[in-house]
Amino acid sequence: MSTTRKHTALPKAQILIEALPWLTRHRGKTVVVKFGGNAMVDEGLKAAFAQDIVFLHHAGLKPVVVHGGGPQISAALDRHGIVSEFKAGLRVTTEDAMDVVRMVLAGQVQRELVGLLNQHGPLAVGMTGEDAHTITATKHQPEIDGELVDIGRVGEITAIDTGAIEALLSDGRIPVVSSIARSQDDGHVYNVNADTAAAALAAALGAETLMVLTDVEGLYEDWPNSDEVISRLTASQLEKLLPDLASGMVPKMEGCLHAVRNGVTTARVIDGRVQHSILLEIFTDEGIGTMVVPDETTDETTEGDA
């Protein structure tokens, strides 16, 4: 009996040992994770996501979760009889729509995520970018065909104050941040892109890693002609690719670019449709998804850090 037990336990030990160099390297480091896509609506993926974040916490990392809520916002706007409209890849956010956005992000999506994390202990604390001036924004007007377009209460981030998040991290908590910002100049609130918010927070916190969950395997080499995923690229290589990317991928990759150009060691886009993709990315030799590194990083410093 004892021989069988030893035999079946051995692969578990090998898996744990494989994680050891990564546990050592990431201990005490801040990791900002953008929660979104399918991982946000599929019950099994949601539960696995919460387990991953709690695992990071107990492994000595400092996870910060940032989320939007596109599908949930669209559903709630439908229920309120408000039409969802997008321009330049951003949701047109009227005053009425903003009330719904705020209610869904802070009152529904965030509460559910905080609840899932707190099944594992008194860990998660929900907040929005409005709290303690965490995220400040001004009105964003995208340019379409050479003209500035008014898309309502959509914000462009102008300042980040990490004080409240850092206090929570010091207290051993997991901050869960909704992508709503306070206004710099008119007393209102703004809906901000969650990918952009996650990148701005990662840079301001001096995070080791930004991880963006998405519904694709990573950045494709030559989509739609090939489904080969680029596993690693530098900031300059990414900058050249940006003009040709699909619109949904642009804020994610711009966020990765902003992060690594502003002190974050690595930024990764990973497939949120894969259970435990976060652990696979951080703690295995293979890694999954696409990793962006700063230009000056040599191959030596990131060897094996896929």
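Refer to the structure printed above.
Just so we're clear, the structure is a prediction, and the values are computed from it rather than from any experiment. (Residues numbered from 1 in each chain as written. Predicted model: local features only at pLDDT ≥ 70, side-chain atom pairs only at ≥ 80, totals over all residues. Heavy atoms only, no water.)

S.K.: Would you explain the pattern of salt bridges in this entry?
M.R.: Under the definition given, this model contains 15 salt bridges. Here Glu-43 and Lys-46 are joined by a salt bridge, their closest N and O atoms 3.3 Å apart. On the criterion of helical spacing, the pair formed by Glu-43 and Lys-46 is a turn pair, its members being three residues apart in helix α2 (residues 43-58). Taking relative accessible area as the criterion, Lys-46 reaches 6% and is therefore assigned buried. The partner of Lys-87 in a salt bridge is Glu-85, with the nearest N and O atoms 4.0 Å apart. For Glu-85, a relative accessible area of 39% translates into the label partly exposed. Residues participating in the shared-partner salt-bridge network are Lys-34, Asp-195 and Lys-252. (Salt bridge = Lys/Arg side-chain N within 4 Å of Asp/Glu carboxyl O. Helix = DSSP H or I, 4+ residues; strand = E, 2+ residues; numbered from the N terminus. Buried < 20%, exposed > 50% of the residue type's maximum accessible area, 1.4 Å probe, protein only.)

S.K.: Is there a simple way to explain the environment of Val-114 in this structure?
M.R.: Locating Val-114 in the fold gives a position in helix α4 (residues 95-117). The buried category is assigned to Val-114, whose relative accessible area is 5%. Note: C-alpha distance between Val-114 and Ala-267 (153 residues apart in sequence) is 24 Å.

S.K.: Honestly, the pairing of strand β10 (residues 174-183) in this entry has me stumped. Any pointers?
M.R.: The side chains of a regular strand alternate, residue by residue, between the two faces of the sheet. Within β10, nine of the ten residues are buried, which leaves the element mostly enclosed by the surrounding structure. Sheet analysis places strand β2 (residues 62-67) next to β10, joined by three bridges and oriented parallel. For His-67, the partnering residue across the bridge sits in β10 and is Ser-178. In this sheet, β10 lies alongside strand β5 (residues 124-129) in parallel orientation, the contact comprising six bridges. Pairing of Ala-124 across the sheet is with Ile-174, part of β10. In this structure, strand β6 (residues 135-139) lies alongside β10, joined through two bridges in parallel fashion. (Pairing = 2+ DSSP bridges.)

S.K.: Is there a simple way to think about the nonpolar core in this case?
M.R.: In globular proteins that are soluble, nonpolar side chains generally tend to be buried together. Among the nonpolar cores identified, the biggest contains 43 residues, and Phe-49, Ile-53, Leu-117, Ile-278 and Phe-283 are the most heavily contacted of them. Of all the elements in the fold, those that place two or more residues in this core are α1 (2-26), β1 (30-35), α2, α3 (70-79), α4, β10, β12 (209-214) and α9 (277-283). A total of eleven residues in this core trace back to one element, the largest contributor, which is α4. Residues contacting Phe-49, with those up to four places away along its chain left out, are Val-33, Phe-35, Val-65, Leu-113, Leu-213 and Ile-278. Among the nonpolar cores identified, the runner-up in size contains 39 residues, and Ala-181, Ala-197, Ala-198 and Leu-245 belong to it. (Core = buried A, V, L, I, M, F, W, Y, C linked by side-chain atoms within 4.5 Å. Contact = heavy atoms within 4.5 Å.)

S.K.: Just checking my understanding: could you explain the packing of α2 against α4 for this structure?
M.R.: Angle between the axes and distance between the axes: these two values describe a pair of packed helices. Running from N to C, α2 and α4 cross one another at 60 degrees; their axes reach a closest spacing of 9 Å. It follows that α2 is oblique to α4 by the angle criterion. The chirality of how α2 crosses α4 is right-handed. Residues Glu-43, Lys-46, Phe-49, Ala-50, Ile-53 and Val-54 of α2 touch α4, and the partners they reach there are Glu-112, Leu-113, Leu-116 and Leu-117. Considered class by class, the residues forming the contact of α2 with α4 number seven nonpolar, no polar and three charged. (Axes fitted to C-alpha atoms, helices over the stretch in contact; angles between N-to-C directions. Parallel < 35°, antiparallel > 145°, perpendicular 65-115°, else oblique. Left-handed = near helix turned anticlockwise from the far one by under 90°. Nonpolar A, V, L, I, M, F, W, Y, C, P; charged D, E, K, R; others polar.)

S.K.: I tried to follow the layout of surface pockets on my own but got confused; where do I start?
M.R.: Gaps left between atoms are located by rolling a probe of water-molecule size over the structure's atoms. Computed from the structure, the largest pocket encloses a volume of approximately 1,200 Å³. Along its surface, the largest pocket is lined by 42 residues, and Gly-89, Leu-90, Asn-193, Asp-195 and Pro-251 are the ones closest to its centre. Among the secondary structure elements, those contributing two or more residues to the lining of the largest pocket are α3, β4 (90-91), β9 (155-160), α6 (194-205), β12 and α8 (250-261). Per element, the largest residue contribution to the lining of the largest pocket is six residues, and it comes from α8. Per-class residue counts for the lining of the largest pocket are 17 nonpolar, 17 polar and eight charged. (1 Å grid on protein atoms, 1.4 Å probe; cavity = no way out; pocket = protein on both sides within 12 Å on 5 of 7 lines; lining within 4 Å. Points joined across faces, edges and corners; volume = space filled by probe spheres on them.)

S.K.: What is the right way to look at unusual backbone geometry in this model?
M.R.: The phi angle of most residues is negative, glycine excepted, and most peptide bonds adopt the trans form. Backbone geometry at His-133 places phi at a positive 60 degrees, although glycine is not the residue there. Structurally, His-133 is set in the loop between β5 and β6. If you check the backbone angles, His-276 has positive phi at about 60 degrees while not being a glycine. Within the secondary structure, His-276 sits in the loop between β14 (266-271) and α9. Exposure remark for His-276: the relative accessible area of 28% places this residue in the partly exposed category.

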